[in-house]
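Close look at the chain arrangement
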Amino acid sequence: LQAGSDLVIVQAQDSTVAAMETATGRRRWATDLTGPNTKWVGVDRIGGDQGQVLVASESELFGLAAGTGALQSRERFEYVINTRPVLVSNLLVAGTSVGRVQAHAIGRKLTAWAFMSNGAFESAPVLIGDTIAIVSQAGDVLFMNPTGNLMGRSRVFGAIDADPATDGSSLFVASRDQSLWAFAPSGAVLWRHRTSNPLNHSPAFFNGMVYCDLGGEGFTAFDPVTGKPRWTTNKVHGNVIGTRNGRLLVRDEAGVSLVDTARGDVLARAELPGVGKIVGDKFEDGTLYAVSTNGVLAKFILR
């Protein structure tokens, strides 16, 4: 699911990619790419109606015309990828299950560069300006520039279950080693907050604070520079999926809570039974789109 200002791109399990108009929900086009056994890892978009929708499986990249859904290109990756890729200029950067970070040159149908690490990659790369940060399941924390040169390296002492986050200058990693970490792109450890249990929720940065669900210790706000907790609440759990009017939208398995950033108070709650995924077209004050477990796409209008 990839949401933009004009189209919502939906990737179905049967390999069908469909574009829905955001204003009306009308289907503009649908394209069947391969077959039901293909593993899909990411959808992205470049340009407007004259641009492309990029759909990545673990072994191939498909380029579809954004306006019509016509297949324009099909490129095979040198190695099977295992994470959602990120776009860096004309490169698609992703991690593999064999510890390889690779950059695929879009349109040239070849690998621009690759870097071997320790352990499989399961969480998506994160862009910190022009720096690519990625963490392996063996705890290898890597920082690379767009040409594949290593800028910094560090480690955590456990695997990770959720994507890291950034404030634009640092990387925040929640690990099974019972710690929330902050790293500089040089690889230096800025701070480490230890907890009593493994962490499996993604951190998030908004308006000068880092937020992360610490499990039994509660949903917590941190100073991003010092790592000092500002507040903690056990009244909300889950991942931050966006913001609304300066307040956090925190998603758990049952629904979404609207959380005050100053004290952690739950201001409102919406139960969402049967919703499998929620995506916004932007993090701050974006429109939310939800896909149900039985394949229904819905647009949410928040008050």
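Up top is the structure.
This text gives an overview of the structure that appears in the document. None of these values were measured; they are calculated from a predicted model. (Residues numbered from 1 in each chain as written. Predicted model: local features only at pLDDT ≥ 70, side-chain atom pairs only at ≥ 80, totals over all residues. Heavy atoms only, no water.)

1. Brief notes about the pattern of salt bridges
Any two side chains of opposite charge can pair, so long as their charged atoms come close to each other. Scanning the entire structure with this criterion turns up 13 salt bridges. For R230, the salt bridge goes to D223, with nearest N and O atoms at 2.7 Å. Exposure remark for D223: the relative accessible area of 15% places this residue in the buried category. Here R269 ties to E271 by a salt bridge, and the two come within 2.8 Å at their closest N and O atoms. (Salt bridge = Lys/Arg side-chain N within 4 Å of Asp/Glu carboxyl O. Buried < 20%, exposed > 50% of the residue type's maximum accessible area, 1.4 Å probe, protein only.)

2. Structural notes on the side chain of E60
Residue placement: E60 occurs in strand β7 (residues 60–65). With a relative accessible area of 9%, E60 lands in the buried category. Within the structure, E60 has its side chain in polar contact with the side chain of R74 (distance 2.8 Å). Leave out the neighbours within four places in its chain, and E60 touches V55, R74, E75, R76 and F77. (Helix = DSSP H or I, 4+ residues; strand = E, 2+ residues; numbered from the N terminus. Polar contact = N/O pair within 3.5 Å; in protein donor to acceptor, adjacent residues only side chain to side chain. Contact = heavy atoms within 4.5 Å.)

3. A short note on the environment of R194
By the element assignment, R194 lies in strand β20 (residues 189–194). By relative accessible area, which is 60% here, R194 ends up exposed. Taking the C-alpha atoms as reference points, R194 and N149, 45 residues apart in sequence, are found 31 Å from one another. Dropping the residues within four chain positions of it, R194 is found in contact with Q178 and S179.

4. Quick notes on the packing of aromatic side chains
Inspection of every chain in the model, using the stated rule, returns 9 aromatic pairs. Between F172 and W191, the ring centres sit 6.1 Å apart and the planes meet at 35 degrees, which makes this aromatic pair tilted. On the criterion of sequence distance, the pair formed by F172 in strand β18 (residues 171–175) and W191 in strand β20 is long-range, its members being 19 residues apart. By relative accessible area, which is 0% here, F172 ends up buried. An aromatic cluster is present here, built from F157, W181 and F183 joined pairwise through their rings. (Phe/Tyr/Trp six-rings, centres within 6.5 Å; stacked < 30°, edge-to-face > 60°.)

5. Considerations on the nonpolar core
Membership of the largest hydrophobic core comes to 14 residues, with the highest contact counts inside it found for L91, V93, V101, W113, I134, L142 and M144. Of all the elements in the fold, those that place two or more residues in this core are β9 (86–88), β10 (91–95), β11 (100–105), β12 (110–116), β14 (131–135) and β15 (140–144). With 3 residues, β11 is the single largest residue contributor to this core. Setting aside anything within four residues of it in sequence, one finds I134 in contact with G95, V101, F121, S123, P125, D140, V141, L142 and M144. One finds I9, V17, W29 and W40 within the second-largest nonpolar core, a separate group that totals 13 residues. (Core = buried A, V, L, I, M, F, W, Y, C linked by side-chain atoms within 4.5 Å.)

6. Topic: the sheet that holds strand β27 (residues 255–259)
Here 4 strands make up an open sheet; going across it, the order is β25-β26-β27-β28 and the pairing antiparallel. Every interior strand has two partners, whereas the edge strands, β25 (239–244) and β28 (266–271), have only one. The sheet shows a mean angle of 25 degrees between the axes of neighbouring strands, direction not considered. Here β25 runs beside strand β26 (residues 247–251); their pairing, made up of 5 bridges, is antiparallel. Its bridge partner being in β26, V240 is matched across the sheet by V250. (Pairing = 2+ DSSP bridges. Axes fitted to C-alpha atoms, helices over the stretch in contact; angles between N-to-C directions.)

7. Some thoughts on the sheet that holds β18
Spatially, 4 strands are ordered β17-β18-β19-β20 in an open sheet, and the strand pairing comes out antiparallel. Each edge of the sheet is formed by a strand with only one pairing partner; in this case those strands are β17 (165–166) and β20. Pairing of β18 with strand β19 (residues 179–183) involves 5 bridges; the strand directions are antiparallel. The partner of L171 across the bridge, within β19, is F183.

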